[in-house]
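# Structural features, examined
Given next are the chains, with one letter for each unit.
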Amino acid sequence: MGTGTRTPWATVEAERDTAIHTLRGRVLEIGAGDGANFEVLHPSVEWVGLEPARRRRARLAGKARSHGHRTAPLEGGAEAIPLPGSSVDAVLGTHVLCSVAGPERVLDEVARVLRPGGRALFAEHVVAPAGTVTGAVLRLARPFTRTVDHGCDPTRDTEATVRASALDVADVVRYTVPVLGLEIPFVLIEARRPR
Ligand SMILES: C[S@@+](CC[C@H](N)C(=O)[O-])C[C@H]1O[C@@H](n2cnc3c(N)ncnc32)[C@H](O)[C@@H]1O
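I will try to describe carefully the structure that is included in this document. (Residues numbered from 1 in each chain as written. Predicted model: local features only at pLDDT ≥ 70, side-chain atom pairs only at ≥ 80, totals over all residues. Heavy atoms only, no water.)

### Concerning the environment of Ala78
In this structure, Ala78 sits in the loop between strand E4 (74-75) and strand E5 (88-94). Judged by its relative accessible area of 7%, Ala78 falls in the buried class. Counting along the chain gives 28 residues from Ala78 to Leu50, while the straight-line C-alpha distance between them is 7.3 Å. Apart from the residues within four sequence positions on either side, Ala78 is in contact with Ile30, Leu50, Val106 and Glu109. (Helix = DSSP H or I, 4+ residues; strand = E, 2+ residues; numbered from the N terminus. Buried < 20%, exposed > 50% of the residue type's maximum accessible area, 1.4 Å probe, protein only. Contact = heavy atoms within 4.5 Å.)

### Describing the site of the ligand
Among the 17 residues in the neighbourhood of the ligand, the closest are listed as Gly31, Glu51, Arg56, Ala78 and Thr94. A distance of 2.6 Å is found between an oxygen atom of the ligand and a side-chain nitrogen or oxygen belonging to Arg56. (Near = heavy atom within 4 Å. Polar contact = N/O pair within 3.5 Å; in protein donor to acceptor, adjacent residues only side chain to side chain.)

### Details of the packing of aromatic side chains
Counting across every chain of the model gives 3 aromatic pairs. Look at Trp9 and Phe186: their rings are 5.2 Å apart centre to centre, the planes differ by 80°, and that puts the pair in the edge-to-face class. Pair noted here: Trp9 is in helix H1 (residues 9-21) and Phe186 is in strand E8 (residues 182-192), with a separation of 177 residues, a long-range link. Of the residues examined, Trp9 reaches a relative accessible area of 33% and is grouped as partly exposed. On the basis of relative accessibility, which here comes to 3%, the residue Phe186 falls in the buried class. A centroid spacing of 6.3 Å and a plane angle of 50° characterise the contact between Tyr175 and Phe186, whose relative ring orientation is tilted. You can see Tyr175 sitting in strand E7 (residues 168-179) and its partner Phe186 sitting in strand E8, a full 11 residues away along the chain. Residue Tyr175 is classed as buried on the basis of its relative accessible area of 4%. (Phe/Tyr/Trp six-rings, centres within 6.5 Å; stacked < 30°, edge-to-face > 60°.)

Structure (structure tokens):
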């Protein structure tokens, strides 16, 4: 994993949102949370959400309706996506591969539900390089973030996990975001299901 360009968070968000806006067709959003991405999805998108947390899913359902999405969010984890194979044009996940119980299984499922040639877009914070202060702090913080932040593990090498999956990685943009004296690595990964 290379080190990313030092970038303010606002720029990372803007580039992430620009990438999200390019998704088209039937888009499955895994771990959709409170629906933070509704504002940036292209209006033509047929949104399908998946969210395991009951209360968050209820809020998500209301927000989905207010954005004109007619399908209620699906219940469950992305390790077992309740959709048929080859049934979506794109999969979106923002800040979610850090939280899932089994990222490898999730990526198998993403490859299964995508149509051949379909796109997957992930925006994730990832493990910091070995020997850095940030890496040491994130390792220490891990038990705490696992407990209080949606199961978040800040020490995952998500880029390597996506590269090892059945998806073809098309593009990776790496950033380093300065936060409270730390240098948090962040990636924007675009991958495709092989045709
Ligand atoms: C940090 S939040 C991000 C929410 C949203 N994607 C965003 O960018 O605002 C992580 C989300 O992943 C969800 N999550 C946790 N485990 C999951 C799993 N196994 N499959 C799918 N989503 C999961 C959590 O319930 C939470 O909504």
